[in-house]
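# Tertiary structure, described
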Amino acid sequence: MGHRASLHLGTAAPTRAMLHADVETLPREQLADLQLQRLRATVADAYRHVPLHRARLDAAGIAPEDIRSLDDVAHLPFTQKSDLRDHYPFGLFARPVDQLARLHASSGTTGVPTVVGYTAGDLSRWADLMARSLACAGARRGDIVHNAYGYGLFTGGLGVHSGAERLGAVVVPVSGGSTERQVQLLVDFRSRVLCSTPSYALTIAEVAERLGVDLRASALEVGLFGAEPWSAGMRSEIESRLGLHAVDIYGLSEIMGPGVACECAARNGLHGWEDHFLFEVIDPASGEPLPEGEAGELVITTLTKEALPMLRYRTRDITRLASGRCDCGRTHQRILRITGRNDDMLIIRGVNVYPSQLEAALIGRPGIAPYYQLVVERRGTLDHVGVEVEAQAGIAAEAHAAIASDVAHHIKSMIGITTEVRVRATGEIPRSEGKAVRVRDLRPKVPV
Ligand SMILES: [Zn+2]
């Protein structure tokens, strides 16, 4: 252990080298030139090979040659998740399926999966970007990387896996589940890097504590957490219990998978890799582009994807962009931490609320553990939010009422909404082994 003894705080930012320093620090004018050249090629390719894009561009009266500046992207039609479902399985691909190297899919709530495809070149660029993200977070060649993202059709597991291999790290493809064994392997293999959802990182911490294993004393130094929105409170909770430096990573299958953007040591937003993607923020209601710094829906256009080029894909994620100088020296735009998904937004008596805001208000309140569930119901014409929290171990049942009242008051003062808080006994809130399910929406479904 030696040098680790003084690192028990665990949150000191590891020194990190840029993997692609030339492109990561490219002056913004040169980055813009590169983006324009790649945008024109992507639009031309999508027009030529994807009937949906061609029909929409024709309807909008736009020819690929009309793209003369990056601002012209605002004239392109949007693409959304329903387009992938409507053209299931391969209708949006720009290459014949026999020229692809891999397919991934995610199960949608409506039953029709979203299918994405990659050429060998796409997979190689994905590995590059994921390796760049890992390095940006503080991982290095030779590190043992414990990859607890789910393997399979979900892009998380294999995406991180290929990036870690490309970096020259040693991957442990453990996937989700069997948490006791994961704790054992983390210790025995001396893993320096943990990749998982933030909620699963907390599950690992809890199981380790139950087993009497102090992961703060392990070799873990860096955590890359993503695939669900998480709060600053959750970050400090994970850091203090696992003894590592926790970094936010962003990606989505429709665009590539993990590695679209990643935080650097400054942790002041996630650098979105602009040599491969064009980022915009729009007003989700009107579709109009918003000035930099204003909060709205993140829209991404791919610039190098061959199998599945995406024009102005509406991510449903709500965020802000910043392109000012970053302390790390990278010039790529920063996506400020995702507040939540438009789909997850709750309108509670006229107030827009994201589950992550409730999380921010909950984590760290005295007497409660960092596990929660939101139950949304319709009572009459109004939405009603029940918040189920869990008492910390050793808290007597008689104290539950006072804790519930404290939490409800705190939520009211932080967010301005009235909630009904129930304190459950230790262990009663389900634990995450992947993406956490934290909202139970019992409101009647509006027929589509
Ligand atoms: Zn930076």
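We now turn to the structure provided with this report. As the structure is a prediction and not an experimental result, all values here were calculated from the model. (Residues numbered from 1 in each chain as written. Predicted model: local features only at pLDDT ≥ 70, side-chain atom pairs only at ≥ 80, totals over all residues. Heavy atoms only, no water.)

### Re the coordination of the zinc ion
- Listed as protein donors to the zinc ion are Cys264 (SG), His271 (NE2), Cys326 (SG) and Cys328 (SG); their distances from the metal cover 2.1 to 2.2 Å.
- In this structure, the zinc ion is coordinated by four donor atoms arranged in tetrahedral fashion, with angles at the metal of 102 to 115°.
- Within one chain, the residues serving as donors to the zinc ion are arranged as C-x6-H-x54-C-x1-C. Placement of the pair is Cys264 in the loop between β8 (257–263) and β9 (270–272) and Cys328 in the loop between β13 (321–322) and β14 (334–335), with a sequence separation of 64 residues.
- The buried category is assigned to Cys264, whose relative accessible area is 0%.
- Owing to a relative accessible area of 22%, Cys328 belongs among the partly exposed residues under this scheme. (Donors = N, O, S within 2.8 Å, 3.2 Å for Na, K, Ca; no water. Tetrahedral: all angles 85-135°; square planar, octahedral: opposite > 155°, others 65-115°. Helix = DSSP H or I, 4+ residues; strand = E, 2+ residues; numbered from the N terminus. Buried < 20%, exposed > 50% of the residue type's maximum accessible area, 1.4 Å probe, protein only.)

### As for the pattern of salt bridges
- Applying the stated rule across the entire model yields 36 salt bridges.
- As a salt-bridge pair, Arg330 and Glu24 come within 2.6 Å of each other at their nearest N and O atoms. Placement of Arg330 in the loop between β13 and β14 and of Glu24 in helix α1 (residues 21–24) is noted, with a sequence separation of 306 residues between them.
- Among the residues examined, Arg330 registers a relative accessible area of 5% and is labelled buried.
- Across the pair Arg267 and Glu239 runs a salt bridge whose closest N-O atoms are separated by 2.6 Å. Residue Arg267 is located in the loop between β8 and β9, and its partner Glu239 is located in helix α9 (residues 232–242); the two are separated by 28 residues in the primary sequence. (Salt bridge = Lys/Arg side-chain N within 4 Å of Asp/Glu carboxyl O.)

### A few points about helix α2 (residues 28–49)
- Taking 1.5 Å per residue, 22 residues should reach 32 Å; α2 reaches 31 Å between its end C-alpha atoms and fits that length.
- Among the residues of α2, Leu31, Leu34, Gln35, Leu36, Leu39, Thr42, Val43, Ala44, Asp45 and Ala46 are the ones counted as buried.
- Buried residues along α2 sit against α3 (51–59), β10 (277–282) and β11 (296–302). (Expected span 1.5 Å × (residues − 1). Contact = heavy atoms within 4.5 Å.)

### Brief notes about the sheet that holds strand β15 (residues 340–341)
- Across the sheet, which stays open at both edges, the four strands sit in the order β10-β11-β12-β15 with antiparallel pairing between neighbours. Strands at the two margins of the open sheet, each flanked by one partner only, are β10 and β15.
- The pairing of strand β12 (residues 313–319) with β15 spans two bridges and is antiparallel. Across the sheet, Asp317 pairs through a bridge with Arg341, a residue of β15. (Pairing = 2+ DSSP bridges.)

### Observations concerning the nonpolar core
- Within the largest apolar cluster, 57 residues are counted, with the highest numbers of intra-cluster contacts made by Leu224, Tyr250, Ile255 and Ile300.
- Of the residues forming this core, the biggest block, nine residues, is contributed by helix α5 (residues 120–137).
- The contact partners of Ile300, leaving out residues within four places of it in the chain, are Tyr250, Leu252, Ile255, Val260, Phe277, Leu278, Phe279, Met310, Leu311, Arg312, Tyr313 and Thr315.
- By size, the runner-up hydrophobic cluster in this structure holds 27 residues, among which are Val172, Val183, Tyr200 and Ala201. (Core = buried A, V, L, I, M, F, W, Y, C linked by side-chain atoms within 4.5 Å.)

### Side note on the packing of aromatic side chains
- Under the criterion given, the structure shown has four aromatic pairs.
- Ring centres 5.8 Å apart and planes at 85° place the aromatic pair Phe225 and Trp230 in the edge-to-face group.
- Residue classification places Trp230 among the buried residues on the basis of a relative accessible area of 5%.
- Consider the rings of Phe277 and Phe279, whose centres lie 6.2 Å apart with planes at 55°: the pair is tilted. Both residues of the pair, Phe277 and Phe279, belong to the buried class. (Phe/Tyr/Trp six-rings, centres within 6.5 Å; stacked < 30°, edge-to-face > 60°.)

### A word on helix α10 (residues 355–362)
- α10 sits mainly inside the fold: six of its eight residues count as buried.
- Gly364 sits one or two residues past α10 and shows a positive phi near 90°.

### Here's the deal with the environment of Leu308
- Note on placement: Leu308 falls in the loop between β11 and β12.
- Beyond its immediate stretch of four places on either side in the chain, Leu308 contacts Leu84, Leu92, Phe93, Val115, Val116, Gly117, Glu254 and Thr302.

### Considerations on unusual backbone geometry
- Cis peptide bonds are those with omega within 30 degrees of zero, and the linkage from Tyr88 to Pro89 qualifies with -5°.
- Turning to its location among the elements, Pro89 is positioned in the loop between α4 (81–86) and β1 (102–106).
- For Ser178, which is not glycine, the phi torsion reads 45° and is therefore positive.
- You can see Ser178 is positioned in the loop between β4 (170–172) and α7 (179–188).

### Side note on the sheet that holds β8
- Judged by pairing direction, the sheet is mixed, and its nine strands sit side by side in the order β4-β3-β5-β6-β7-β8-β9-β14-β13 without closing on themselves. At either margin of the open sheet sits one strand with a lone partner, and together these are β4 and β13.
- Across four bridges, the pairing between strand β5 (residues 193–196) and strand β6 (residues 222–225) is parallel. Across the sheet, residue Val193 finds its bridge partner in β6, namely Val222.
- Against the sheet, α9 engages β5, β6, β7 (245–252) and β8, with an angle of about 130° to β7. (Axes fitted to C-alpha atoms, helices over the stretch in contact; angles between N-to-C directions.)

### Things to note about the side chain of Thr119
- When you line up the elements, Thr119 lands in the loop between β2 (114–118) and α5.
- Here Asp122 takes part through its backbone nitrogen, which lies 3.0 Å from a polar atom of the side chain of Thr119.
- For Thr119, the residues in contact, after removing those within four places along its chain, are Arg95, Gln99, Leu100, Ala101, Arg125, Glu306 and Ala307. (Polar contact = N/O pair within 3.5 Å; in protein donor to acceptor, adjacent residues only side chain to side chain.)

### Side note on the pairing of β8
- For β8, the buried fraction is high: seven of the seven residues fall into the buried class.
- In this structure, β7 lies alongside β8, joined through four bridges in antiparallel fashion. Bridge pairing links Leu252 to Gly257 in β8.
- Following β7, the chain reverses through four residues before pairing antiparallel with β8.

Such coordinate-based values are descriptive only and should not be taken to indicate function.
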